[in-house]
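# Breakdown of the fold
The residues making up each chain are set out below.
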Amino acid sequence: MEIIKTLIEGVVIIEPCLFKDDRGYFFEAFSQREFEEKVCKTTFVQDNESKSSYGVIRGLHFQKPPFAQSKLVRVVKGAVLDVAVDIRKGSPTFGQHVAVELTEDNHRQFFIPRGFAHGFSVLSKEVVFQYKCDNFYAPQCEGAIVWDDPDLGIDWKIPMGKILLSEKDKVHPRLKEIV
């Protein structure tokens, strides 16, 4: 796997080594040993999958301590714009974000460490999205930032009239309201 560093320390894009032939392709989606050598030491304890249609924005979600989560995310079918926002108080990149397109064709994965809000927008007709978490979900520790916080300036790559949100995701506070 190749590790691509981003402008925010600890947030990385992972490109797998694909082995292609006339039958199709093969790649190793995850190796604990290689992940720890090249990214960081962590133990994933939960795998999740969601299916969404074009225009859906999920996020920007996070878990508060003691159930903060790192995530390793990828697309199995379709395409998303995946976004990580630094919400670590005192961080030199606080409030900044990294966005990366993850698709079934590029097979990229995106690692989001603890201390980040995470979300994605669906760019294809349909998407199947998978992610590993290094801590269990705890509803009492969930938090979120509204997807269209003007201070973040995220371009979700979806026209305004096509955006689909859950009722919860419509009403989250802005980042400056949660710090």
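Predicted model only: the values in this text are computed from it and were never measured.

### Focus: the packing of aromatic side chains
A complete count under the given rule lists seven aromatic pairs for this structure. Ring centres of F35 and F111 lie 5.3 Å apart, and the angle between their planes is 75°; this geometry places the pair in the edge-to-face category. Separated by 76 residues along the polypeptide, F35 in helix α1 (residues 32–38) and F111 in strand β10 (residues 109–112) bring together distant segments of the chain. Relative to Y131, the ring of F129 has its centre 5.8 Å away and its plane inclined at 50°; by these criteria the two rings are tilted. Taken together, F30, F35, F44 and F111 form an aromatic cluster joined through their ring pairs. Lying across the ring of F30, K132 places its NZ or CZ 5.1 Å from the centre.

### Here's the deal with the sheet that holds strand β2 (residues 12–15)
On the basis of which strands lie adjacent, the open sheet formed by six strands has the order β1-β2-β10-β7-β12-β5 and antiparallel pairing. Every other strand in the sheet has two partners, leaving β1 (2–5) and β5 (46–53) as the edge strands with one partner each. Direction aside, the axes of adjacent strands within the sheet are offset by 25° on average. Across eight bridges, β5 lies against strand β12 (residues 126–133) in antiparallel orientation. Bridge pairing links S50 to F129 in β12.

### Re the pattern of salt bridges
If the charged atoms of two oppositely charged side chains come close together, the side chains can form a pair. Enumeration over the complete set of coordinates arrives at 14 salt bridges. One salt bridge connects D47 with K132, and the closest N-O pair in it is separated by 3.2 Å. With a gap of 85 residues between them, D47 in strand β5 and K132 in strand β12 connect regions that are remote in the sequence. Judged by its relative accessible area of 53%, D47 is exposed. A single salt-bridge network, built from bridges that share partners, covers K51, K77 and E126.

### Remarks on the side chain of T93
Residue position: T93 is located in the loop between β8 (79–86) and β9 (97–103). A residue is classified by how much of its surface remains accessible, and T93, at 13% relative accessible area, is buried. In this view, T93 contacts L7, I8, D86 and R88; residues no more than four positions away in its chain are not counted.

### What about the sheet that holds strand β11 (residues 116–122)?
Sheet architecture is open: five strands sit in the order β9-β8-β11-β6-β13, paired in antiparallel fashion. Sheet topology places β9 and β13 (142–144) at the edges, where each strand pairs with a single neighbour. Shown here is a sheet whose adjacent strand axes are inclined to one another by a mean of 25°, direction ignored. With three bridges connecting them, strand β6 (residues 57–63) and β13 associate as antiparallel partners. Bridging across to β13, Q63 finds its partner in E142.

### Some thoughts on a nonpolar patch on the surface
Taken together, F94, I178 and V179 make up a surface patch of nonpolar side chains, about 220 Å² in accessible area. Counting through the fold element by element, V179 comes out in the segment after α3 (175–178). Taking the relative accessible area as the measure of exposure, V179 reaches 51% and is therefore exposed.

### Some thoughts on unusual backbone geometry
Looking along the chain, the bond that leaves G59 and enters L60 is cis, with omega of 10°. Locating L60 in the fold gives a position in strand β6. Not every positive phi belongs to a glycine, and H107 is a case in point at roughly 60°. Tracing the backbone through its elements, the reader meets H107 in the loop between β9 and β10. Even without being glycine, K157 reaches a positive phi, approximately 65°. Structurally, the position occupied by K157 is in the loop between β13 and α2 (167–170). Judged by relative accessible area, which is 52%, K157 ranks as exposed.

Rules used throughout
Residues numbered from 1 in each chain as written. Predicted model: local features only at pLDDT ≥ 70, side-chain atom pairs only at ≥ 80, totals over all residues. Heavy atoms only, no water. Phe/Tyr/Trp six-rings, centres within 6.5 Å; stacked < 30°, edge-to-face > 60°. Helix = DSSP H or I, 4+ residues; strand = E, 2+ residues; numbered from the N terminus. Lys NZ or Arg CZ within 6 Å of the ring centre and 35° of its normal. Pairing = 2+ DSSP bridges. Axes fitted to C-alpha atoms, helices over the stretch in contact; angles between N-to-C directions. Salt bridge = Lys/Arg side-chain N within 4 Å of Asp/Glu carboxyl O. Buried < 20%, exposed > 50% of the residue type's maximum accessible area, 1.4 Å probe, protein only. Contact = heavy atoms within 4.5 Å. Patch = residues over 30% accessible without salt bridge, like charges linked within 9 Å, V, L, I, M, F, W, Y side chains within 5 Å. Areas by Shrake-Rupley, 256 points an atom, 1.4 Å probe, with all protein chains shown as cover.

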